[in-house]
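Inside the fold
For reference, the chains in residue letters:
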Amino acid sequence: STQSDIVQGCFKSLTLLITHHKFAAASSNRKPSSEASGENKISEKFQHDGAHPLSEEQMQALLNFLHSAVIESDHHNATFGLVKAISSKRFMSAEFYDLMDIILKLSVQSQKSAIRLLSSQIFLQYLMDYP
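The structure reproduced in this document is the subject of the present report. All values derive from a computational prediction rather than experimental measurement. (Residues numbered from 1 in each chain as written. Predicted model: local features only at pLDDT ≥ 70, side-chain atom pairs only at ≥ 80, totals over all residues. Heavy atoms only, no water.)

Another point: the side chain of Ser 107. One can find Ser 107 in helix 5 (residues 94–109). In terms of polar contacts, Ser 107 uses its side chain to reach the backbone carbonyl oxygen of Leu 104, at 2.6 Å. Apart from residues lying up to four places away in sequence, Ser 107 is in contact with Arg 116, Ser 119 and Ser 120. (Helix = DSSP H or I, 4+ residues; strand = E, 2+ residues; numbered from the N terminus. Polar contact = N/O pair within 3.5 Å; in protein donor to acceptor, adjacent residues only side chain to side chain. Contact = heavy atoms within 4.5 Å.)

Below, the structure is given as structure tokens:
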């Protein structure tokens, strides 16, 4: 359908934007920040420091949209590609952790083997890379 093609195109464009070399160089040069209280709590807000192409509000909207899109299998290649790109940038927000819960469930419960494989690859990357 036309709507599915548009969504796939948007996800592919966002993946290219997030993985653009300008933002890759900026995110690799940043240092991990520690909270003033000394605790290692994960902030519920997106950590926007200029190394990412999207603002906090845009990222929250995108992640909320991905929550439902990741469950639909019409455009899972583009959807999972975008989730991989976000994961590689180590975005930290409550919405992202909720999305990873959905990814974990899909890696076990999906009826399609391709979705189970993509989900398990993404979740493995998440487990290895995230603090």
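This next bit is on the environment of His 76. Locating His 76 in the fold gives a position in helix 4 (residues 76–88). In this structure the C-alpha to C-alpha distance between His 76 and Ala 114, which are 38 residues apart in sequence, comes to 9.2 Å. Discounting chain neighbours no more than four positions away, the residues touching His 76 are Ala 114, Ile 115 and Leu 118.

Let us look at a nonpolar patch on the surface. Residues Leu 124, Leu 127 and Met 128 make up a contiguous nonpolar surface patch of roughly 340 Å² in combined accessible area. For Leu 124, the position within the fold is in helix 6 (residues 113–129). Look at Leu 124 and you get partly exposed, because its relative accessible area is 48%. (Patch = residues over 30% accessible without salt bridge, like charges linked within 9 Å, V, L, I, M, F, W, Y side chains within 5 Å. Areas by Shrake-Rupley, 256 points an atom, 1.4 Å probe, with all protein chains shown as cover. Salt bridge = Lys/Arg side-chain N within 4 Å of Asp/Glu carboxyl O. Buried < 20%, exposed > 50% of the residue type's maximum accessible area, 1.4 Å probe, protein only.)

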